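# Observations on the model geometry
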Amino acid sequence: MNKPDLQKLINAAASGKRPHFFSDHDVDRLLSIVWAMAAELAVTRERLDTVERLLAKRALLDRAAIDAYRPDGAAAAERGQWQMEYLSRLLRVLQQEVDALQREVR
Amino acid sequence: MSPEATHDEIARFNFLANFNKYMSNVVVAGIAVAYERRVAPHWRAQHGVDPADRREIRAAMSADAYYQLWSALRRSGMEIRQQAGRSLVLRQMQALRDRARELNAACAATLRLDDSITIPRYQSELDNHCMPGSYYAEYIDDDVSAAANYDAGMFATTTGLFGRYLDGAGRGTAHWLRRYRPGWQPRRILDLGCGLGHNLLPLARAYLEAEVIGVDIAAPMLRYGHARAVGMGLGRVIFQQANAERLPFEDASFDFIYSTMFLHETSHAALRNILGEVHRLLAPGGVQLHLEQPPYRGMSDFEQFLRDWDCHYNNEPFWSALHETHLPTLLAEKGFAQTDIFETEIHAIVEDEMPKVAAEIEDFGRGGLWYACGAAA
């Protein structure tokens, strides 16, 4: 299985109609994205907390070095890949909408 | 037999567990406030009376902004939980499958899969509690990913109330049975809809001499559950693929038959067939017990309305019907003597360091306390 297929599988919807709760259904859709983003922000915060605690424990934290850091090619590619997966996580609801439309066409 | 998790994958579940806890400890209380302060008064002004039942309460609440946001957040949390589990598990599904194969080969005789088992319509129509692919989807040969996802995410959903190994209901059941029948040694034990065996293994530990069998229709759950059991030194526990409506066992061949949170995932017709099978399979002097969320009878309309959320918005289509079913009557119809039928409560038994249900506000369907209905044969 190649990478895009795996992402699609990860983000698949459960069968059954997705309920909507707001009179404007776009609000449901937006909330789905916002809440996924909230989760990811919490994840990032936790990771940052881990890094800070580990560095502080070893007396290695130099905040100026963080601002001065420039990723090399491999690091930049890894970050780019992370961003792609991050976006597919946030925008899952859009993928599912297209998936459903495609199923209807078939 | 668990998937390997990265820092961020763990952090994602940490967020979900805390989110669920926040929702049940903080946010849910506001629904009653919204109902009492604005929704019910508005309904009374329009209709001259209170909402007559949970359906009218739901109709009234559906227009309320707080309830809408709570519902949308709750649904989003469920969907994020699925994605978190799938992104953790599917990236390593081959490795998990290989590990399961290895463990399963070590005790091959106790994993009994049956290709002829088909998924009943009441399961295939709708993915249970919003799990994409439900319990049974297979993406590769000998796939265990559905079970690994279920296992990995359930801790976050239940915020620790079911115990470190998610076996609080099984441990509670074993504890109950030892008190109900002191000194009794059941020879053969059957868990219906055992899934990956969270609540099956405690019975095997409690009754070392017994032949312990779990049945389920979903092969991924059985493969993973059997591998997990082997890994925990319980390779003697049998995981058998079978439909609980038509079980491949002889009459009167089990001393203890039970289920945990299984009946609400079956249709009413299936439920009747399953309880008929229990009557056929239970040996003289045997006991059956079924753990569920409490029935709606005796509850306020408002509490019924809250508990009913899963039926409408979390792909639990038989939730309402099961909670309106009078199980003791159904057992009597299936041939059990009225005097042998009972109802009781089962508490989760969890490790000392885990949270206890008494210390939490129950999240309408996710706490570690169950209603149970049973009968002696």
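My aim in this report is to walk through the structure given alongside it, one point at a time. (Residues numbered from 1 in each chain as written. Chains lettered and ligands numbered in written order. Predicted model: local features only at pLDDT ≥ 70, side-chain atom pairs only at ≥ 80, totals over all residues.)

Moving on, we come to the overall build of chain A. If you tally the helices and strands in chain A, you get five helices and zero strands. Counted from the first residue to the last, chain A has its helices and strands arranged as α-α-α-α-α. The globule rule puts the C-alpha radius of gyration for 106 residues at 13 Å, and the 19 Å found for chain A is more than 25% above it. Seen through its C-alpha atoms, chain A measures out along the principal axes to roughly 60 × 35 × 20 Å. (Helix = DSSP H or I, 4+ residues; strand = E, 2+ residues; numbered from the N terminus. Rg over C-alpha atoms; globule rule 2.2 N^0.38 Å.)

Quick look at the overall build of chain B now. Regarding its fold elements, chain B presents 15 helices and eight strands. Relative to its length of 377 residues, chain B is compact, with a C-alpha radius of gyration of 21 Å against a globular reference of 21 Å. With respect to the three principal axes, the spread of C-alpha positions in chain B is 65 × 55 × 40 Å. Looking at chain B residue by residue over its 377 residues, the buried ones come to 50%. (Buried ≥ 20, exposed ≤ 12 C-beta atoms within 10 Å, placed from the backbone.)

Further remarks concern the interface of chain A and chain B. Each partner contributes residues to the interface: chain A has 25 residues there, and chain B has 29 residues. With eleven residues, helix α2 (residues 25-57) of chain A is the largest single contributor of residues to the side of chain A that touches chain B. Residues belonging to the side of chain A that touches chain B are distributed by class as follows: 15 nonpolar, five polar and five charged. (Contact = placed C-beta atoms within 7 Å. Nonpolar A, V, L, I, M, F, W, Y, C, P; charged D, E, K, R; others polar.)

Moving on to the sheet that holds strand β8 (residues 369-376) of chain B. All names here are of chain B. Sheet architecture is open: eight strands sit in the order β1-β4-β3-β2-β5-β6-β8-β7, paired in mixed fashion. At either margin of the open sheet sits one strand with a lone partner, and together these are β1 (111-112) and β7 (341-347). Two strands pair when backbone bridges link them, and β7 and β8 are joined in this way by seven bridges, in the antiparallel orientation. Across the sheet, the residue bridging to T344 is A372, located in β8. (Pairing = 2+ DSSP bridges.)

Let's shift gears to the environment of B:L111. Residues and elements named next belong to chain B. Relative to the helices and strands, L111 resides in strand β1. The exposure class assigned to L111 is buried, which follows from the 24 C-beta atoms found within 10 Å. Separated by 114 residues in the primary sequence, L111 and G225 have C-alpha atoms spaced 9.4 Å apart.

This part is about the nonpolar core. Counting 95 residues, the largest nonpolar core has B:Y224 and B:I257 as its most contacted members. When residues no more than four places from it in sequence are discounted, the contact partners of B:I257 are B:L190, B:L192, B:V278, B:L281, B:L282 and B:Q288. Judged by nonpolar contacts, the second largest core, of 14 residues, contains A:F21, B:M61, B:W70 and B:L73. (Core = buried A, V, L, I, M, F, W, Y, C linked by C-beta atoms within 7 Å.)

With that out of the way, let us pick up unusual backbone geometry. If you check the backbone angles, A:A59 has positive phi at about 55 degrees while not being a glycine. Residue placement: A:A59 occurs in the loop between α2 and α3 (63-68). Using a count of 7 C-beta atoms within 10 Å as the deciding quantity, one classes A:A59 as exposed. Of note, B:M261 is a non-glycine position whose phi angle comes to about 50 degrees, a positive value. Checked against the element boundaries, B:M261 lands in the loop between β5 (254-260) and α11 (268-281).

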